[in-house]
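What the coordinates show
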Amino acid sequence: MYWNTHDMSGWGWFAMSLSSIVFWALLVAIAVLLFRTVNRGPRGTNPPRSEVTPEQLLAERFARGEIDEDEYRRRMAVLTADNSGRTEHSPRP
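The structure contained in this document is the topic of the report that follows. No experiment lies behind these values; they were computed from the predicted model shown.

What follows covers the overall build of the protein. When its secondary structure is counted, the protein shows three helices and zero strands. Expressed as a percentage of the 93 residues in the protein, the buried residues total 4%. As presented, the protein carries roughly 9000 Å² of accessible surface, and 62% of it is formed by carbon and sulfur atoms.

Below is the structure:
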């Protein structure tokens, strides 16, 4: 029953303690991963996004400095232009 003849050195106790800690950490990690996998929603569904208008997105890009003022005004004019003559599938001029 006792394989070490009742004498365990300091390294034996250290190895036993370390392996016990690793064992329990592994069990906890597996439990957490299993819990997260089970509670995850179906794949392919994206979290709901707040609806951002194209004008707001353009204003944010301008505020971050990604586009200059001329490009901002040109794109805003395109977004706010009256498109009454276009159909849904006709290309832009």
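There is more to say after this.
This part covers the pattern of salt bridges. Following the criterion strictly, the structure yields four salt bridges and no others. For Glu66, the salt bridge identified is with Arg64, shortest N-O distance 3.0 Å. We classify Glu66 as partly exposed; its relative accessible area is 45%. Residue Arg73 is joined to Glu69 by a salt bridge in which the shortest nitrogen-to-oxygen separation is 2.7 Å. Placement of the pair is Arg73 and Glu69 together in helix H3 (residues 69-80), with a separation of four residues, close to one helical turn. Looking at Arg73, the relative accessible area reads 53%, which means it is exposed. The structure contains a network of salt bridges with shared partners spanning Arg61, Arg64 and Glu66.

This part takes up the packing of aromatic side chains. Note on aromatic pairs: each is described by the distance of the centres and the angle between the planes. All told, the structure shown has two aromatic pairs when counted by the stated rule. When the centroid spacing of 5.4 Å and the interplanar angle of 75° are considered together, the rings of Phe23 and Trp24 count as edge-to-face. Taking the centre distance of 4.8 Å and the plane angle of 20° together, the rings of Phe62 and Tyr72 count as stacked. In this pair, Phe62 sits in helix H2 (residues 54-64) while Tyr72 sits in helix H3, placing the two residues ten residues apart along the sequence.

Together, Trp11, Phe14, Leu18 and Val22 make up a nonpolar patch on the protein surface, roughly 480 Å² of accessible area in all. With respect to the helices, strands and loops of the structure, Leu18 is situated in helix H1 (residues 10-39). Exposure remark for Leu18: the relative accessible area of 43% places this residue in the partly exposed category.

Our focus in this paragraph is the packing of H2 against H3. Where H2 meets H3, the closest approach of the two axes is 10 Å, and the angle between their N-to-C directions is 180°. Looking at the two axes, H2 sits roughly antiparallel to H3. Listed contacts from H3 to Pro54, Glu55, Leu58, Ala59, Arg61 and Phe62 of H2 are Glu69, Tyr72, Arg75, Met76, Leu79 and Thr80. Broken down by class, the residue content of the contact of H2 with H3 amounts to seven nonpolar, one polar and four charged.

Once that is clear, we can look at the environment of Glu69. What makes Glu69 partly exposed here is its relative accessible area of 41%. Here the side chain of Glu69 touches Arg73 through a polar contact of 2.7 Å, side chain to side chain.

Criteria and cut-off values
- Residues numbered from 1 in each chain as written.
- Predicted model: local features only at pLDDT ≥ 70, side-chain atom pairs only at ≥ 80, totals over all residues.
- Heavy atoms only, no water.
- Helix = DSSP H or I, 4+ residues; strand = E, 2+ residues; numbered from the N terminus.
- Buried < 20%, exposed > 50% of the residue type's maximum accessible area, 1.4 Å probe, protein only.
- Areas by Shrake-Rupley, 256 points an atom, 1.4 Å probe, with all protein chains shown as cover.
- Salt bridge = Lys/Arg side-chain N within 4 Å of Asp/Glu carboxyl O.
- Phe/Tyr/Trp six-rings, centres within 6.5 Å; stacked < 30°, edge-to-face > 60°.
- Patch = residues over 30% accessible without salt bridge, like charges linked within 9 Å, V, L, I, M, F, W, Y side chains within 5 Å.
- Axes fitted to C-alpha atoms, helices over the stretch in contact; angles between N-to-C directions.
- Parallel < 35°, antiparallel > 145°, perpendicular 65-115°, else oblique.
- Contact = heavy atoms within 4.5 Å.
- Nonpolar A, V, L, I, M, F, W, Y, C, P; charged D, E, K, R; others polar.
- Polar contact = N/O pair within 3.5 Å; in protein donor to acceptor, adjacent residues only side chain to side chain.

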